[in-house]
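# Structural features, examined
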6 protein chains.
Amino acid sequence: MTPLLCPGAFLSPLEIDAAVMRALAEDLGRAGDITSTATVPEGTRAQAIVVARKAGTMSGLPLVEAALLKLDPMVSITRHQRDGDAVAAKTKLMTVEGDARAVLAAERTALNFLGHLSGVATAAASFVKLIAHTRARVCCTRKTAPGLRALEKYAVRCGGGFNHRFGLDDAILIKDNHIAVAGGITAVLRRAKAVAGHLVKIEIEVDTLDQLREVLAAGGADVALLDNMDLATMRRAVEMVAGKLVLEASGGITLATAAAVAETGVDYLSSGAITHSAPNLDVALDIEM
Amino acid sequence: MTPLLCPGAFLSPLEIDAAVMRALAEDLGRAGDITSTATVPEGTRAQAIVVARKAGTMSGLPLVEAALLKLDPMVSITRHQRDGDAVAAKTKLMTVEGDARAVLAAERTALNFLGHLSGVATAAASFVKLIAHTRARVCCTRKTAPGLRALEKYAVRCGGGFNHRFGLDDAILIKDNHIAVAGGITAVLRRAKAVAGHLVKIEIEVDTLDQLREVLAAGGADVALLDNMDLATMRRAVEMVAGKLVLEASGGITLATAAAVAETGVDYLSSGAITHSAPNLDVALDIEM
Amino acid sequence: MTPLLCPGAFLSPLEIDAAVMRALAEDLGRAGDITSTATVPEGTRAQAIVVARKAGTMSGLPLVEAALLKLDPMVSITRHQRDGDAVAAKTKLMTVEGDARAVLAAERTALNFLGHLSGVATAAASFVKLIAHTRARVCCTRKTAPGLRALEKYAVRCGGGFNHRFGLDDAILIKDNHIAVAGGITAVLRRAKAVAGHLVKIEIEVDTLDQLREVLAAGGADVALLDNMDLATMRRAVEMVAGKLVLEASGGITLATAAAVAETGVDYLSSGAITHSAPNLDVALDIEM
Amino acid sequence: MTPLLCPGAFLSPLEIDAAVMRALAEDLGRAGDITSTATVPEGTRAQAIVVARKAGTMSGLPLVEAALLKLDPMVSITRHQRDGDAVAAKTKLMTVEGDARAVLAAERTALNFLGHLSGVATAAASFVKLIAHTRARVCCTRKTAPGLRALEKYAVRCGGGFNHRFGLDDAILIKDNHIAVAGGITAVLRRAKAVAGHLVKIEIEVDTLDQLREVLAAGGADVALLDNMDLATMRRAVEMVAGKLVLEASGGITLATAAAVAETGVDYLSSGAITHSAPNLDVALDIEM
Amino acid sequence: MTPLLCPGAFLSPLEIDAAVMRALAEDLGRAGDITSTATVPEGTRAQAIVVARKAGTMSGLPLVEAALLKLDPMVSITRHQRDGDAVAAKTKLMTVEGDARAVLAAERTALNFLGHLSGVATAAASFVKLIAHTRARVCCTRKTAPGLRALEKYAVRCGGGFNHRFGLDDAILIKDNHIAVAGGITAVLRRAKAVAGHLVKIEIEVDTLDQLREVLAAGGADVALLDNMDLATMRRAVEMVAGKLVLEASGGITLATAAAVAETGVDYLSSGAITHSAPNLDVALDIEM
Amino acid sequence: MTPLLCPGAFLSPLEIDAAVMRALAEDLGRAGDITSTATVPEGTRAQAIVVARKAGTMSGLPLVEAALLKLDPMVSITRHQRDGDAVAAKTKLMTVEGDARAVLAAERTALNFLGHLSGVATAAASFVKLIAHTRARVCCTRKTAPGLRALEKYAVRCGGGFNHRFGLDDAILIKDNHIAVAGGITAVLRRAKAVAGHLVKIEIEVDTLDQLREVLAAGGADVALLDNMDLATMRRAVEMVAGKLVLEASGGITLATAAAVAETGVDYLSSGAITHSAPNLDVALDIEM
């Protein structure tokens with residue numbers, strides 16, 4: 001069964017199997033599901049329905065499938081929703097029919113992925129909805145649960161958000177410390193430009209309009225990160241840049257402030273909270289044996 | 001530098017290195033920290049202070065140390081707080097002195113562990129505080145971020161909570177489906193007892209006092225999980241059991257309801273939210289180069 | 001082909017694939033089975049029968065299947081016996097039909113698992129048989145071949161035995177050193193009880209009846225390990241405890257002494273020898289090409 | 001601390017760390033040594049002596065050291081014996097001084113390696129002693145515990161034995177099935193010789209003197225394996241070959257028959273039992289805290 | 001000993017250890033260096049000099065160090081050259097003093113890294129030198145030895161070249177098939193722009209000036225890859241683009257044609273041959289024991 | 001789909017999957033093929049032909065298949081050639097029909113294996129052809145790309161060459177340093193013979209005929225490596241040895257000198273260049289979507 005990913009969302013398919021194997025091993029431990037082995041007769045069949053108990057945006061259904069298939073390669077799965085779908089409370093997501101012990105053993109691992117990633121997707125979608133009247137986009141950061149970054153970045157996409165860097169190696173992001181040690185904005189951009197290849201973007205963090213002006217003058221940057229600026233300053237930054245740089249607003253942006261920030265005309269709002277503090281979405285696997 | 005764990009909290013030391021290596025690899029990718037390589041001169045030294053920006057209970061400091069040591073084996077670390085400590089906002093946790101590129105490259109990985117685990121510890125500690133006037137204890141569930149269970153269980157301990165099963169293999173927990181398929185409570189307990197070894201506890205989920213009565217009559221259970229019972233029913237369960245079983249209250253317990261549940265006289269309150277929905281604690285690494 | 005485990009025996013299914021892959025890699029090395037590549041024509045078919053040359057209790061047949069399937073995913077397997085079956089000498093266990101080179105390459109790995117685990121199961125079964133007239137059970141220890149613990153524990157179950165701890169993390173076992181450093185039995189049990197969760201059993205080792213008395217008085221223990229006691233003392237221990245603790249007899253118990261120990265009324269006899277010194281069971285794979 | 005291997009015994013040093021890490025992870029599981037965490041105060045020191053309780057030939061001391069060092073990198077170790085030494089009962093092998101929790105947590109893993117490998121070495125040494133008056137050598141087979149082959153082969157060397165193939169890829173061993181499918185001894189040797197490189201030995205199994213004669217006539221073989229021949233036939237095989245081939249006697253050779261087989265003049269006696277059925281050597285770690 | 005990388009070259013330090021461990025395991029196999037174990041007395045010391053026998057640009061010295069340190073953690077290393085240095089034939093690169101067996105066992109692994117990576121660096125440097133009079137840069141492709149990409153990309157930097165994408169995930173490169181299936185250049189760029197985040201560059205391959213014109217009109221691309229264009233066409237492409245896009249010339253560029261291509265005014269020349277067909281640089285480790 | 005290896009070439013089938021998984025992970029990174037995800041509609045089908053653009057000897061087709069199957073388990077593959085076949089330029093090797101995104105994502109990984117290994121096979125075949133009129137054979141060395149040794153050794157076989165040692169552990173090769181430290185040729189051979197098992201060949205390097213004479217006199221060696229001897233000396237070595245040893249000529253042998261060396265009568269010519277410096281064979285995957 002080929003994984004069915006959310007359209008327009010990026011994820012190496014190899015991440016799915018690797019993450020599921022690690023999580024199943026973590027839950028099954030050495031002896032496996034001793035409760036089901038002890039109490040469920042060999043060969044018992046189970047029918048199960050995966051449901052969203054609360055409304056939200058789905059992410060992680062391919063991992064649910066992978067967990068079930070790993071423990072019962074003959075399991076039968078019928079898909080009712082896919083990743084990226086926004087669903088109402090009590091929506092059936094998937095119907096499963098297979099070996100009862102396998103379904104019970106896979107249940108918690110499957111739901112932990114689905115609840116966590118749908119939680120991230122739902123948090124992202126809330127942001128997206130609030131700024132839908134503007135041209136701004138929401139993006140995530142590298143503030144992710146260790147070991148789950150690729151999956152959480154995928155979940156942000158499922159919720160309609162965009163991705164920032166996946167790691168320290170796929171774009172240059174110059175922060176205050178880099179600027180200081182390199183001798184200022186002009187100097188640091190010159191250094192970065194000199195070694196960056198032509199397929200690497202350069203972003204630089206600025207705290208003030210003066211710094212932003214120096215970035216524009218120095219050249220070489222693709223994106224400026226406006227760090228903790230107030231709304232008025234952001235508006236002037238948008239005017240000053242006039243499309244010559246992509247502008248990303250960052251720093252403590254919440255659902256309460258998102259719309260106002262987006263209305264300043266910036267291109268991106270970045271939020272660590274949509275990954276590091278998104279509450280779980282309540283999902284369940286209702287079994288009939 | 002030997003990891004300094006929270007006293008009374010359980011964690012295999014091998015988990016620390018394994019988790020840190022996986023997380024660093026995830027962040028450094030193929031090319032490493034290209035920004036610092038491009039902008040920070042070779043040999044630059046950095047001094048840094050790890051701080052808690054908000055008040056909370058610490059968990060994850062040994063992983064911060066491991067991440068720093070992995071990238072700079074000669075880094076110098078001074079500990080100001082340890083895991084399990086409850087600290088005020090703006091508390092200095094650790095002072096670091098080492099290679100600037102290494103400290104910058106380790107920063108995000110280190111903080112992701114510390115912020116996530118301290119978030120869990122702080123959530124657990126909030127629960128613990130609310131029921132400190134009772135004899136009840138808080139415990140976690142298997143609703144954890146995939147791949148991070150051992151660490152999150154450790155964080156619950158750092159916050160003063162207790163641990164439920166680490167996986168499907170270290171205790172028997174009989175739920176409604178097991179009861180149904182095995183032919184009732186008496187039958188399922190007989191089956192479980194027949195195969196469980198003498199070092200495996202048996203817990204059984206009950207929805208009603210009738211079920212609880214059957215559990216007591218059947219014998220063989222160590223713990224009963226009171227699933228979504230109201231307060232009055234829980235109080236009667238406590239009376240009925242009279243210490244012959246450990247009682248765990250479960251199902252949608254929140255900070256708002258925890259005290260009332262604990263006051264019924266149950267032994268444990270279990271909460272999935274303290275692991276799966278704990279918001280990140282705001283921590284930072286302030287660098288001076 | 002789903003693995004068919006011994007009923008009532010515990011093993012994570014993930015252990016099977018992982019162990020088989022590691023063992024095949026160990027045997028095939030870099031160049032694979034150079035003898036068969038050199039001498040057996042491509043496409044040659046083989047029929048083979050897995051047999052027990054000596055009488056014994058089977059354990060490891062799912063690993064035999066996994067090894068064959070890994071090297072020939074189209075191999076056809078007919079099961080004649082399953083794990084946990086006690087068979088006579090010269091019993092056919094499995095018929096195999098597949099690619100000759102694959103069968104030859106998998107042979108030694110498959111038989112090493114089957115011979116080793118059936119050896120353990122047969123050793124366990126010998127113990128079980130000797131004490132079948134009593135209520136005592138046989139259990140294993142952590143004295144297992146490094147890297148094979150979960151499999152050997154499963155084999156003990158196949159032979160009718162029970163499992164002790166799978167590792168240092170799934171139960172508390174307090175030994176003489178712990179007692180000494182903690183300041184005595186009462187103190188150590190208080191410490192253990194204070195941090196153990198409600199799903200963790202506590203066992204304590206005692207050498208004398210005085211110690212056992214202190215354990216009973218202190219409370220908190222689930223199991224007492226009677227270490228190297230003589231039969232008379234064990235009998236008095238059984239009387240003294242009167243069902244308030246599970247009693248495990250340990251220390252140099254052999255097939256010669258097992259019945260007498262069991263007749264004292266203890267609940268468990270533990271034996272390291274059934275895992276660490278069980279001789280291989282003689283099994284073979286007879287091939288016709 | 002560099003591993004100190006038995007002189008003249010072969011083992012990749014990378015095997016030591018890999019095996020020890022796998023075994024420690026298996027024993028420590030997710031939560032680590034919960035008993036010691038619960039009962040031994042942080043910072044407690046331990047002195048311990050590793051002893052052989054029974055007489056035997058040592059193998060595995062470098063793995064004991066590696067296990068201790070992994071859990072306490074500052075542990076102090078004094079070596080009294082080394083691998084390959086034959087020691088009397090109650091011999092002190094090593095003195096250890098380090099963190100008490102670490103020593104307790106490493107104990108079982110360390111002893112499992114030492115007891116198992118010394119068991120193999122002692123079994124090999126028994127064989128070696130029995131045939132010391134002849135020019136024959138003892139060697140092992142591929143009948144080893146899955147995942148432990150390199151270590152068990154090393155243990156055989158520690159006991160004075162020699163190694164057969166480490167895997168299917170490092171020598172050609174032509175058995176009856178290969179002969180049959182290739183069309184006879186002359187044909188199979190021609191095929192093998194045609195593809196074998198100049199650094200690969202060719203051994204061929206023979207059941208009769210007629211087969212041995214054909215091997216000699218065909219050329220190309222380096223070693224002939226005399227499979228289950230009686231003593232008289234083996235003596236005639238030795239005469240017939242007259243040094244033109246190395247002769248290996250195989251098939252059910254026991255301590256009772258070894259001397260007689262060796263006295264026939266064959267070069268090697270191979271025994272599966274010295275690896276697959278060697279009983280554990282009784283070793284212990286006596287701790288004082 | 002902290003790895004000393006080439007200044008301005010990108011490589012995750014975690015890649016070094018992982019690659020060296022894999023390569024040592026590959027070479028040492030199960031039994032390790034049996035020749036040295038058999039013939040070099042325990043404790044023998046060796047002094048060795050790593051030399052470049054031919055002139056070239058160095059890459060891989062940190063891997064040489066890592067291989068030596070892994071087998072002898074106490075080895076003493078004196079660095080004479082570093083990665084990125086262009087050296088004459090017979091240049092001493094490093095002096096080593098350590099355990100003779102360890103140095104001999106590490107030798108081939110160390111030299112295989114150094115010879116291969118220095119071969120790539122030298123190939124890159126040859127290109128760089130030929131176009132030094134222009135503003136063009138040389139870059140590599142994804143045509144690398146499987147499993148060695150990060151190291152080969154690092155080697156290209158050591159030779160003065162630049163890096164193209166490290167993988168399919170860190171930049172968008174639209175080729176003819178993507179254009180065709182998406183319905184043309186304008187359509188494909190619209191699709192790509194719609195989902196690409198702000199830290200992902202977009203490159204598009206063009207065969208003709210008409211296509212290039214459409215790329216300019218459509219907007220959204222950062223880089224155009226001029227695929228197999230002749231010099232005249234490339235010159236017109238440079239004029240047409242006038243700095244509004246980065247231009248990369250690709251397709252069969254050799255040392256013979258590099259200067260002419262660079263003189264057309266393009267920004268980058270990409271070459272698969274500098275990674276996939278660079279001959280080894282002749283390096284050696286001269287040992288004195 | 002079972003891998004179809006070159007007849008008479010040795011490769012553990014486990015190497016194929018492991019190498020392909022590592023290479024795909026390297027190329028797909030965290031987010032996978034973002035270009036195809038962005039531009040190719042879900043469910044698009046692709047037909048593709050794998051072709052050799054230049055003439056050469058094939059090696060690596062099973063890895064091409066494995067890469068395609070990993071990303072699209074339902075892909076349909078038709079084989080036109082197999083490993084070991086010598087093909088003309090523009091030969092179709094394989095026809096593929098499957099999911100377009102999967103084929104595009106697997107393309108570069110598949111071709112990197114095929115181009116690299118066919119390059120090695122083609123280099124080996126060139127050598128083989130030049131000496132086909134003699135009885136000499138070509139063999140490789142341990143000078144291989146780190147991590148790819150088993151595959152490159154297989155490729156040498158595909159080209160008609162033979163393999164030298166796969167690692168330090170599968171044969172003894174005594175070099176000048178070993179001779180020196182052991183006290184001369186006679187002494188070193190005595191030591192080697194004393195510990196080598198009967199399935200391990202012994203090769204010794206000699207620079208002069210005097211040394212060769214000593215090797216013959218000492219006995220115990222199977223192969224002599226003639227290191228950098230001139231043709232006349234090699235001829236005298238062949239005469240002197242008269243079939244009592246296998247002779248391997250080594251040291252800077254090129255295509256220009258191969259025939260002359262082979263005509264001296266030596267048994268093997270070894271060449272590092274056929275692995276470490278073989279240029280890539282130009283292969284492509286032509287896609288139609």
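Let me begin by describing the structure that accompanies this report. (Residues numbered from 1 in each chain as written. Chains lettered and ligands numbered in written order. Predicted model: local features only at pLDDT ≥ 70, side-chain atom pairs only at ≥ 80, totals over all residues. Heavy atoms only, no water.)

Bringing the relation of the copies chain E and chain C into the picture now. When chain E is fitted to chain C, the residual RMSD is 0.0 Å, and the transformation amounts to a turn of 180 degrees plus an axial shift of 0.0 Å. Such values leave the two copies arranged in the relation of a two-fold axis. Closest approach to the rotation axis within chain E is made by the C-alpha atom of glycine 29 of chain E, at a distance of 4.1 Å. (Least-squares fit on C-alpha atoms with pLDDT ≥ 70 in both.)

Next up on the list: helix α7 (residues 185-195) of chain A. One turn of the α-helix equals 3.6 residues, which is why residues spaced by three or four share an orientation. Every buried residue of α7 of chain A is accounted for by Ile185, Ala187, Val188, Leu189, Ala192 and Val195 of chain A. Buried residues along α7 of chain A sit in contact with β7 (172-174), α6 (176-182), β8 (202-206) and α8 (209-218) of chain A, α2 (34-39) of chain B together with α5 (149-158) of chain E. (Buried < 20%, exposed > 50% of the residue type's maximum accessible area, 1.4 Å probe, protein only. Helix = DSSP H or I, 4+ residues; strand = E, 2+ residues; numbered from the N terminus. Contact = heavy atoms within 4.5 Å.)

So, about the pattern of salt bridges. All chains considered together, the criterion is met by 60 salt bridges over all chains. Between aspartate 169 of chain D and arginine 30 of chain E there is a salt bridge whose closest N-O contact spans 2.4 Å. Note that aspartate 169 of chain D is positioned in the loop between α5 (149-158) and β7 (172-174) and arginine 30 of chain E in the loop between α1 (13-28) and α2 (34-39), a pairing that runs across two chains. Like arginine 30 of chain E, aspartate 169 of chain D is buried. (Salt bridge = Lys/Arg side-chain N within 4 Å of Asp/Glu carboxyl O.)

Here we come to the relation of the copies chain B and chain A. Once chain B is rotated about the relating axis by 180 degrees and shifted along it by 0.0 Å, it coincides with chain A to within an RMSD of 0.0 Å. A high fraction, 100%, of the interface residues of chain B reappear at the interface in chain A, so the copies pair face to face through one surface.

Residues and elements named next belong to chain C. Mapped onto the secondary structure, glycine 56 falls in strand β2 (residues 56-57). Each C-alpha atom of the pair glycine 56 and leucine 281 lies 7.1 Å from the other, and the pair is 225 residues apart in sequence. Non-local contacts of glycine 56, meaning those with residues more than four positions away in its chain, are made with Asp85, Ala86, Val87, Thr122 and Leu281.

Glancing now at the side chain of glutamate 203 of chain D. The topology assignment puts glutamate 203 of chain D in strand β8 (residues 202-206). With residues near it in sequence (within four places) discarded, glutamate 203 of chain D still touches His164, Ile172, Leu173, Ile174, Val223, Ala224, Leu225 and Glu248 of chain D together with Leu199 of chain F.

All names here are of chain D. Read across the sheet, 6 strands follow the order β6-β11-β10-β9-β8-β7 without closing on themselves; strand pairing throughout is parallel. At either margin of the open sheet sits one strand with a lone partner, and together these are β6 (137-139) and β7. Averaged over all pairs of adjacent strands, the angle between their axes in this sheet comes to 25 degrees, without regard to strand direction. Both strand β9 (residues 223-227) and strand β10 (residues 246-250) contribute to a ladder of 5 bridges, which runs parallel. For aspartate 227, the partnering residue across the bridge sits in β10 and is serine 250. On the sheet, helix α7 (residues 185-195) packs against β7 and β8 and is oriented at approximately 165 degrees with respect to β8. (Pairing = 2+ DSSP bridges. Axes fitted to C-alpha atoms, helices over the stretch in contact; angles between N-to-C directions.)

On to the pairing of strand β10 (residues 246-250) of chain A. Residues and elements named next belong to chain A. Of all 5 residues in β10, 4 are buried; the element is thus mostly enclosed. Note: β10 against strand β11 (residues 268-270), 2 bridges, orientation parallel. Counterpart to alanine 249 in the pairing with β11 is leucine 269. For the crossover from β10 across helix α10 (residues 258-263) to β11, the handedness is right-handed. (Right-handed = clockwise from strand over helix to strand, strands pointing away.)

What follows is about the packing of helix α1 (residues 13-28) of chain C against helix α3 (residues 61-71) of chain C. Residue and element names in this part refer to chain C. Closest axis-to-axis distance for the α1/α3 pair is 9 Å, and the angle between their directions is 60 degrees. The pairing of α1 with α3 is recorded here as oblique in orientation. In this structure, α1 meets α3 at a crossing whose hand is right-handed. Of the residues in α3, those touching α1 at Ile16, Asp17, Ala19, Val20, Met21, Leu24 and Leu28 are Pro62, Leu63, Ala66, Ala67, Lys70 and Leu71. Residues of the contact of α1 with α3, tallied by class, amount to 11 nonpolar, no polar and 2 charged. (Parallel < 35°, antiparallel > 145°, perpendicular 65-115°, else oblique. Left-handed = near helix turned anticlockwise from the far one by under 90°. Nonpolar A, V, L, I, M, F, W, Y, C, P; charged D, E, K, R; others polar.)

It is worth spelling out the interface of chain E and chain C at this point. Residue-level contacts link 4 residues of chain E with 4 residues of chain C. Summed over both sides, the interface of chain E with chain C buries roughly 240 Å², with 29% coming from carbon and sulfur. In terms of surface lost to chain C, no three residues of chain E exceed Glu26, Gly29 and Arg30 of chain E, which account for 95% of the buried area on that side. Summed over the shared surface of chain E and chain C, the result is 0 salt bridges. Taken together, chain E and chain C are joined by 2 residue pairs in polar contact (both at pLDDT 80 or more). Partitioned by chemical class, the residues of the side of chain E that touches chain C number no nonpolar, 1 polar and 3 charged. (Buried area = accessible area lost by both parts, 1.4 Å probe. Polar contact = N/O pair within 3.5 Å; in protein donor to acceptor, adjacent residues only side chain to side chain.)

A word on the environment of alanine 88 of chain B. Residue and element names in this part refer to chain B. Looking at the secondary structure, you find alanine 88 in the loop between β4 (86-87) and β5 (91-99). Taking the C-alpha atoms as reference, alanine 88 lies 4.2 Å from alanine 55; in sequence the two are 33 residues apart. Aside from chain neighbours lying at most four places away, what touches alanine 88 is Ala52, Lys54 and Ala55.

Attention shifts here to the interface of chain B and chain A. With 57 residues of chain B in contact, the opposing surface of chain A contributes 58 residues. When the two sides are added together, the surface that chain B and chain A hide from each other amounts to roughly 4,700 Å², 58% of it contributed by carbon and sulfur. Among the salt bridges present, the one from arginine 149 of chain B reaches aspartate 27 of chain A, with a minimum N-O distance of 2.5 Å. For the pair chain B and chain A, the interface holds 28 residue pairs in polar contact (both at pLDDT 80 or more). Elements represented by at least two residues in the side of chain B that touches chain A include exactly α1 (13-28), α2, α4 (100-130), α5 (149-158), β7 (172-174), α6 (176-182) and α7 (185-195) of chain B. Considered class by class, the residues forming the side of chain B that touches chain A number 30 nonpolar, 15 polar and 12 charged.

All right, on to the sheet that holds strand β12 (residues 283-288) of chain C then. Residues and elements named next belong to chain C. The sheet built from 4 strands is open, its strands ordered β3-β5-β1-β12 with antiparallel pairing. For this open sheet the edge positions go to β3 (76-79) and β12, each flanked by a neighbour on one side alone. For this sheet, the mean inter-axis angle between neighbouring strands, taken without regard to orientation, is 20 degrees. The pairing of β3 with strand β5 (residues 91-99) spans 4 bridges and is antiparallel. Across the sheet, the residue bridging to isoleucine 77 is valine 96, located in β5. In the packing of α3 onto the sheet, contacts are made with β1 (45-52), β3 and β5, and the angle to β5 comes to roughly 10 degrees. In the packing of helix α4 (residues 100-130) onto the sheet, contacts are made with β1, β5 and β12, and the angle to β12 comes to roughly 165 degrees.

For the structure shown, the criterion picks out 6 aromatic pairs over all chains. A centroid spacing of 6.2 Å and a plane angle of 85 degrees characterise the contact between phenylalanine 162 of chain B and tyrosine 268 of chain B, whose relative ring orientation is edge-to-face. Note that phenylalanine 162 of chain B is positioned in the loop between α5 and β7 and tyrosine 268 of chain B in strand β11 (residues 268-270), a separation of 106 residues in sequence. With a relative accessible area of 10%, phenylalanine 162 of chain B lands in the buried category. A cation over an aromatic ring shows up here: lysine 153 of chain D above the ring of phenylalanine 166 of chain D, its NZ or CZ 5.4 Å from the ring centre. Positioned above the aromatic ring of phenylalanine 162 of chain F, the side-chain terminus of arginine 137 of chain F is 3.9 Å from the ring centre. (Phe/Tyr/Trp six-rings, centres within 6.5 Å; stacked < 30°, edge-to-face > 60°. Lys NZ or Arg CZ within 6 Å of the ring centre and 35° of its normal.)

With that settled, consider the environment of isoleucine 204 of chain F. With respect to the secondary-structure elements, isoleucine 204 of chain F resides in strand β8 (residues 202-206). C-alpha of isoleucine 204 of chain F to C-alpha of valine 188 of chain F: the two residues are 16 residues apart in sequence and 9.5 Å apart in space.

Our focus in this paragraph is the side chain of asparagine 112 of chain C. Tracing the sequence through the fold places asparagine 112 of chain C in helix α4. Excluding residues within four positions of it along the chain, asparagine 112 of chain C makes contact with Arg142, Lys143, Thr144, Pro146 and Arg149 of chain D.

Bringing the packing of helix α3 (residues 61-71) of chain A against helix α4 (residues 100-130) of chain A into the picture now. Residue and element names in this part refer to chain A. Two elements in contact, α3 and α4, have axes separated by 8 Å at closest approach and are oriented at 165 degrees. As far as their axial angle goes, α4 and α3 are roughly antiparallel. The interaxial crossing formed by α3 with α4 has right-handed handedness. In contact with Leu61, Leu63, Val64, Ala67, Leu68 and Leu71 of α3, α4 contributes Ala102, Val103, Ala105, Ala106, Thr109, Ala110, Phe113, Leu114 and Leu117. The class makeup of the residues in the contact of α3 with α4 is 14 nonpolar, 1 polar and no charged.

With that settled, the discussion passes to helix α8 (residues 209-218) of chain B. Residue and element names in this part refer to chain B. All of the buried residues in α8 are Leu209, Leu212 and Val215. The arc enclosing the buried residues of α8, seen along the axis, measures out at 110 degrees, which places them on a common side. Among the exposed residues of α8, those oriented more than 90 degrees off its buried face are Asp210 and Ala217. In this structure, the buried residues of α8 make contact with α7, β8 (202-206), β9 (223-227), α9 (231-241) and β10 (246-250). Phi for glycine 219, located one or two positions after α8, is positive at around 70 degrees. (Arc of directions from axis to C-beta.)

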